[in-house]
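# An overview of the molecular structure
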Amino acid sequence: MPIISVKNLTKKFKAFTAVDDISFDVEKGEIFAFLGPNGAGKTTTIKILTTLRQPTSGSIRLDDKDPAEDPEGVRRSFGIVFQDPSVDDELTAFENMEFHGVLYGMEKTLRRKRIEQLLTFVGLWDRKDDILNVFSGGMKRRLEIARGLLHHPKVLFLDEPTVGLDPQTRNHIWEYIQRLNREEGVTIFFTTHYMEEAARVASQIAVIDHGKILKQGSAQELKKATNTDSLEQAFLSLTGSGIREEEAGSIDHLRMRHRLWTRR
Amino acid sequence: MSTIYILWLRQLKRFVRSRSRMIGSLGQPLLFLVALGFGFGPVFQKAGQGNYVQFLAPGIVAMTVLFTSIFSGIEIIWDRQFGFLKETLVAPVSRLNIMIGRTLGGATVAVLQGCIVFLITLIAGFRPMDWTLLPAALGFMILIALLFTALGTAIASVLDDFHGFQLIMNFVVMPLFFLSGALFPLDDLPRILSVITRLNPLSYGVDGLRGTLVSGAHFGLGLDLGILAAITAFLLILGSYLFSKIQI
Ligand SMILES: Nc1ncnc2c1ncn2[C@@H]1O[C@H](COP(=O)(O)OP(=O)(O)OP(=O)(O)O)[C@@H](O)[C@H]1O
Ligand SMILES: [Mg+2]
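The notes below deal with the structure included here. (Residues numbered from 1 in each chain as written. Chains lettered and ligands numbered in written order. Predicted model: local features only at pLDDT ≥ 70, side-chain atom pairs only at ≥ 80, totals over all residues. Heavy atoms only, no water.)

## Digging into empty space enclosed by the protein
If you walk through the whole model with that rule in mind, you get one cavity of 30 Å³ or more. In this model, the largest cavity occupies a volume close to 40 Å³. For the largest cavity, the full set of lining residues is A:Thr43, A:Ile46, A:Lys47, A:Ile80, A:Phe82, A:Gln83, A:Asp84, A:Asp159 and B:Lys86. A breakdown of the residues in the lining of the largest cavity according to their chemical character gives three nonpolar, two polar and four charged. (1 Å grid on protein atoms, 1.4 Å probe; cavity = no way out; pocket = protein on both sides within 12 Å on 5 of 7 lines; lining within 4 Å. Points joined across faces, edges and corners; volume = space filled by probe spheres on them. Nonpolar A, V, L, I, M, F, W, Y, C, P; charged D, E, K, R; others polar.)

## Let's talk about the coordination of the magnesium ion (ligand 2)
Residue and element names in this part refer to chain A. Note on the magnesium ion (ligand 2): its protein donors are Thr43 (OG1) and Gln83 (OE1). The metal-donor distances range over 1.9 to 2.0 Å. With a gap of 40 residues between them, Thr43 in helix α1 (residues 42–49) and Gln83 in the loop between β5 (78–81) and α3 (93–103) connect regions that are remote in the sequence. Among the residues examined, Gln83 registers a relative accessible area of 28% and is labelled partly exposed. (Donors = N, O, S within 2.8 Å, 3.2 Å for Na, K, Ca; no water. Helix = DSSP H or I, 4+ residues; strand = E, 2+ residues; numbered from the N terminus. Buried < 20%, exposed > 50% of the residue type's maximum accessible area, 1.4 Å probe, protein only.)

## Section: the sheet that holds strand β6 (residues 155–159) of chain A
Residues and elements named next belong to chain A. The six strands lie next to each other as β5-β6-β7-β3-β8-β9, forming an open sheet whose pairing is mixed. Looking at strand neighbours, the two that pair on one side only are β5 and β9 (212–217), the edges of this open sheet. In this sheet, neighbouring strand axes are inclined to one another by 15° on average, regardless of whether the strands run parallel or antiparallel. In terms of strand pairing, strand β8 (residues 204–209) meets β9 through five bridges, oriented antiparallel. By the bridge assignment for β9, Val207 is matched with Lys215. Contacts between helix α8 (residues 219–226) and the sheet are confined to β8 and β9, with β9 contributing the most and set at about 110° to the helix. (Pairing = 2+ DSSP bridges. Axes fitted to C-alpha atoms, helices over the stretch in contact; angles between N-to-C directions. Contact = heavy atoms within 4.5 Å.)

## Brief notes about the site of ligand 1
Residues and elements named next belong to chain A. Neighbouring residues of ligand 1: 16 residues in total, closest Gly39, Lys42, Thr43, Thr44 and Gln83. Within the side chain of Lys42, a nitrogen or oxygen atom sits 2.8 Å from an oxygen atom of ligand 1. Take Thr44: an N or O atom from its side chain is 2.6 Å from an oxygen atom of ligand 1. At the level of secondary structure, the elements contributing two or more residues to the shell around ligand 1 comprise β2 (16–26) and α1. If one sorts the elements of the shell around ligand 1 by residue count, α1 sits on top with three residues. (Near = heavy atom within 4 Å. Polar contact = N/O pair within 3.5 Å; in protein donor to acceptor, adjacent residues only side chain to side chain.)

## Comments concerning the packing of aromatic side chains
Tallying each qualifying case throughout the model produces 22 aromatic pairs over all chains. On the numbers, 4.6 Å between centres and 45° between planes, the contact of A:Phe121 with A:Tyr176 is tilted. Pair noted here: A:Phe121 is in helix α4 (residues 108–121) and A:Tyr176 is in helix α6 (residues 167–184), with a separation of 55 residues, a long-range link. Like A:Phe121, the residue A:Tyr176 is buried in the burial classification. With a centroid separation of 6.4 Å and 85° between ring planes, the pair formed by B:Phe40 and B:Tyr52 is classed as edge-to-face. Placement of the pair is B:Phe40 in the loop between α2 (19–39) and α3 (41–46) and B:Tyr52 in helix α4 (residues 52–81), with a sequence separation of 12 residues. An aromatic cluster of at least three residues, connected via ring pairs, comprises A:Phe24, A:Phe32, A:Phe34, A:Phe78, A:Phe157 and A:Phe189. One residue, A:Lys128, lies across the ring of A:Trp125, its end atom 5.0 Å from the ring centre. The ring of B:Phe55 is capped by B:Arg210, whose NZ or CZ atom sits 3.6 Å from the centre of that ring. (Phe/Tyr/Trp six-rings, centres within 6.5 Å; stacked < 30°, edge-to-face > 60°. Lys NZ or Arg CZ within 6 Å of the ring centre and 35° of its normal.)

## Points about the sheet that holds strand β1 (residues 4–13) of chain A
Residues and elements named next belong to chain A. With respect to topology, three strands assemble into an open sheet ordered β2-β1-β4, the strand pairing being antiparallel. A strand with exactly one partner marks an edge of an open sheet, and here the two such strands are β2 and β4 (57–62). Looking at each pair of strands side by side, their axes are set apart by 20° on average, direction ignored. Sheet topology places β1 next to β4; five bridges connect them, and they run antiparallel. Along β4, the bridge assignment pairs Lys7 with Ser59. Along the sheet, α1 makes contact with β1, β2 and β4, crossing β1 at roughly 115°.

## Looking at the nonpolar core
In globular proteins that are soluble, nonpolar side chains generally tend to be buried together. By size, the foremost hydrophobic cluster in this structure holds 101 residues, and its most contacted members are A:Ile4, A:Phe24, A:Phe157, A:Phe189, B:Leu66, B:Phe148 and B:Leu209. Take this core: its biggest share by element is 16 residues, from α4(B). Ignoring any residue separated from it by four or fewer positions in sequence, one finds A:Phe24 in contact with A:Ile4, A:Ser5, A:Val6, A:Phe32, A:Phe34, A:Thr45, A:Leu49, A:Phe189, A:Ile213 and A:Gln216. Counting residues in hydrophobic clusters, the runner-up holds 44 residues, among them A:Met139, A:Leu156, A:Leu231 and A:Phe235. (Core = buried A, V, L, I, M, F, W, Y, C linked by side-chain atoms within 4.5 Å.)

## Points about the pattern of salt bridges
Going through the model one piece at a time under the given rule, you end up with 21 salt bridges over all chains. Salt-bridge contacts for B:Glu87 lead to A:Arg147; the nearest nitrogen and oxygen are separated by 3.3 Å. Note that B:Glu87 is positioned in helix α5 (residues 84–89) and A:Arg147 in helix α5 (residues 137–148), a pairing that runs across two chains. Accessibility classification places B:Glu87 together with A:Arg147 in one group, the buried group. (Salt bridge = Lys/Arg side-chain N within 4 Å of Asp/Glu carboxyl O.)

## Quick word on the side chain of A:Thr51
Within the secondary structure, A:Thr51 is located in the loop between α1 and β4. Judged by its relative accessible area of 12%, A:Thr51 is buried. Engagement of the side chain of A:Thr51 in a polar contact is seen with the side chain of A:Arg75, the distance being 3.0 Å. The contact partners of A:Thr51, leaving out residues within four places of it in the chain, are A:Pro67, A:Pro71, A:Val74, A:Arg75 and B:Leu89.

## Some thoughts on the pairing of strand β7 (residues 187–191) of chain A
Residues and elements named next belong to chain A. Of all five residues that make up β7, five are buried, and the element is covered over most of its length. What you see with β7 is no split at all: Thr187, Phe189 and Thr191 on one side and Ile188 and Phe190 on the other are buried throughout. Pairing of strand β3 (residues 31–35) with β7, which is carried by four bridges, proceeds in the parallel orientation. For Phe32, the partnering residue across the bridge sits in β7 and is Phe189. Tracing the backbone out of β6, into α6 and back to the parallel element β7 gives a crossover that is right-handed. (Right-handed = clockwise from strand over helix to strand, strands pointing away.)

## Points about the environment of B:Leu7
Note on placement: B:Leu7 falls in helix α1 (residues 2–17). Counting along the chain gives 90 residues from B:Leu7 to B:Asn97, while the straight-line C-alpha distance between them is 9.2 Å. Once residues within four sequence positions are removed from consideration, B:Leu7 is found in contact with A:Phe99, B:Thr88, B:Asn97, B:Ile98, B:Gly101 and B:Arg102.

Here you go:
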């Protein structure tokens, strides 16, 4: 039985359809990549799966629970690293980790042990008592990831986890995530714009654009279906090579501007 | 339990760490105390109402608690804007517990702030009538703080950006304060004002504080306590409900 099962999921924002009748399954223990150009609907889908937003229609089961009926049960089954910042800038690195561990009901010895282990792993243990507003963007990003890995959930959502990180850190972090997947059977659902990253780690890939899933399969299958020899080419052949903002209507254009300006 | 505690602790740490916010929120009560307390003192005295600082001090303490607690509640808007709210909302913790933790945290901060201002009023010459009633006054401060933190949370749950902030300031916080009897006695008011002040929950908070600190409660301490407790319970439930409906 799949650990995530999505059927005919649709999300509308007023007249605009961000997610358009998508269906897919993610098997237990899989590393599943969700690829798509900017504005394709990846984050929106993740927000619905993680109970932060209500779908317009469609049904979802995550670890055999329905987010609409049993949000708290679903929340017990997953962990997430968000695309946008979600740490508290007025707390220290350690306090952010501690806050997370307590919210997830982790027992103290395990919590403390893992906090030390993960902060060391992302190179922040020396800075654990610094308040985050003195951290660089990359340091905050590393903290977000470390925090997401603190409790070991059944499903881990990673929304562009490695954006803004140097290649060394990226590889290092992916090794950790793959080990978590291998040794503890944690199912990974992630998005990324780095195609080689997806090709390397994902066992299943779904390509989404304009809210619709265009194709799903292994990297091998996608290349074969599009008659290309790299995932990047397969991706471009599926989604076209036009830049997204050009296609967007003027309202979307303004909305995107607005979002760029209002986001820190 | 531990989740409520950690949410509470977070609010407290944020409060203790931001000295500028703390000092900033002390400026206003101080200004009111000095400008109104000493400015209107002579007129008040001539009207046969006694010492104005003595009358005003409980009102200023109530004002401090009001401002701090509403803003603690409204802090959710910041948490939403800066993203931290998502972290709390995906955690396997009931919305009610999150609401309780936040409200207790915000209320604690507001009560601390109220105590600091109370000490300042002592420096300005205020003298409580009966020191043994101080715990009762503290009780009223706690009720005011809980009530308005819950109100702030409820309001912030339905707003999704900063733009509503000025609106709340002008149409909620200021009227609550000015139409509460914090600044003037509630006896012999014009009919409309008398009705409005009766509908304002802060009036009962101010009255409770004044009744315990100076004596001479307008509504009576029992009524003050009953109304504050009822409204606080209602707002906590409403706030939790609205909070549970937040979408990000
Ligand atoms: N709250 C909202 N109100 C209106 N439109 C929204 C809202 N949130 C997202 N959208 C729109 O939904 C579409 C999908 O957005 P989403 O964030 O899911 O894209 P994405 O695939 O994650 O893109 P990216 O790669 O840039 O992160 C976009 O056109 C976006 O403008
Ligand atoms: Mg996204």
